[in-house]
Amino acid sequence: AYFPRAQERLGSMCLAAVCAPPEGLPDAHFQHIGGIFIGGGHTYTLLYKLQQNGALECLRQNVEAGVPYLGSSAGTIITCPTIKTTNDMPGPAHDVIDLNALGLISAQLNCHYMDNGMHDPKHQGETRDTRLQEFCAFNPHTPCLALYEGQALRVTREHTQILTSDRSRGTTPPLFLNDTREEIACEVGVPKDVSRIFAVRDTRGAPR
């Protein structure tokens, strides 16, 4: 049901789209495509299905070999080392799931970020900032960049930029690391270099 919507939108950009087969992505499939798009939806289920049909490793190898990758929402989150910073509940995913994802980038992302100003003070639940700070407490030395609706991350080799559209809900996305929160000043239509956030890190998250 999702594919026709994506196909229509990509078609309006003169991009022909074919749906990946549900049984997985054989290497031969990549000989006939110019790029990969994985859209949004339920992050846990997306990752689980990619793990079960063997597509995760195939995707990783081809993207690292240079095949362009475009992700939206859940399709963006799975480029992180894990999906721990998704906003989704486990829901219909398998009871036991490996949270390790593609690891195409070395930091975590939180999409659809809502700052405290967007949080209704009458609501007694935790804010997004609180949840991301909790993540950092449990995962020291692991940076998490939060992106507002209307922002995107562009990665080209060792260069990483935040792109901010005129429909973005905010222009100062925060970076959470350990017990710090740093706002990154962005401008509409002006790419912001944030390559420093995505410096190569070892498996424990410590810089190297």
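Coordinates for the structure precede this section.
Asks: Which residues make up the pattern of salt bridges, and what values go with them?
Replies: All chains considered together, the criterion is met by six salt bridges. Between E57 and R60 there is a salt bridge, and its shortest N-O distance comes to 2.1 Å. Here R60 and E57 lie together in helix α3 (residues 55-64), a separation of three residues that amounts to about one turn. Its relative accessible area of 38% is what places E57 among the partly exposed residues. Residue classification places R60 among the buried residues on the basis of a relative accessible area of 16%. The residue R131 makes a salt bridge to E134 at a minimum N-O spacing of 2.8 Å. Linking R131 with E134, this pair stays in helix α5 (residues 128-138), spanning three residues, or about one helical turn. The partly exposed category is assigned to R131, whose relative accessible area is 44%.

Asks: I'd like to hear about the layout of surface pockets, residue by residue, with values.
Replies: Of the volumes computed, that of the second largest pocket is approximately 1,200 Å³. Forming the boundary of the second largest pocket are 39 residues, of which V18, A20, F37, I38 and G39 lie nearest the centre. Contributions of two or more residues to the lining of the second largest pocket are made by α1 (2-11), β1 (36-38), α2 (43-52), α3 and β2 (69-71). Its residues assigned to classes, the lining of the second largest pocket shows 27 nonpolar, 11 polar and one charged.

Asks: Can you tell me about the sheet that holds strand β4 (residues 144-148), naming the residues and giving the values?
Replies: What links the strands of a sheet is backbone hydrogen bonding, and the strands pair in either a parallel or an antiparallel sense. A sheet is described by the order of its strands in space; here four strands give the open sequence β3-β4-β7-β8, paired in mixed fashion. Two strands lie at the open edges of the sheet, namely β3 (108-113) and β8 (180-183), each paired on one side alone. Across the sheet, the mean angle separating the axes of adjacent strands is 20° when strand polarity is ignored. Pairing of β4 with strand β7 (residues 174-177), which is carried by two bridges, proceeds in the antiparallel orientation. The partner of L145 across the bridge, within β7, is L175. Packed on one face of the sheet, α5 meets β3, β4, β7 and β8 and runs near 170° to β3.

Each value, and the rule that gives it
Residues numbered from 1 in each chain as written. Predicted model: local features only at pLDDT ≥ 70, side-chain atom pairs only at ≥ 80, totals over all residues. Heavy atoms only, no water. Salt bridge = Lys/Arg side-chain N within 4 Å of Asp/Glu carboxyl O. Helix = DSSP H or I, 4+ residues; strand = E, 2+ residues; numbered from the N terminus. Buried < 20%, exposed > 50% of the residue type's maximum accessible area, 1.4 Å probe, protein only. 1 Å grid on protein atoms, 1.4 Å probe; cavity = no way out; pocket = protein on both sides within 12 Å on 5 of 7 lines; lining within 4 Å. Points joined across faces, edges and corners; volume = space filled by probe spheres on them. Nonpolar A, V, L, I, M, F, W, Y, C, P; charged D, E, K, R; others polar. Pairing = 2+ DSSP bridges. Axes fitted to C-alpha atoms, helices over the stretch in contact; angles between N-to-C directions. Contact = heavy atoms within 4.5 Å.

That's the geometry; what it means functionally is another story.
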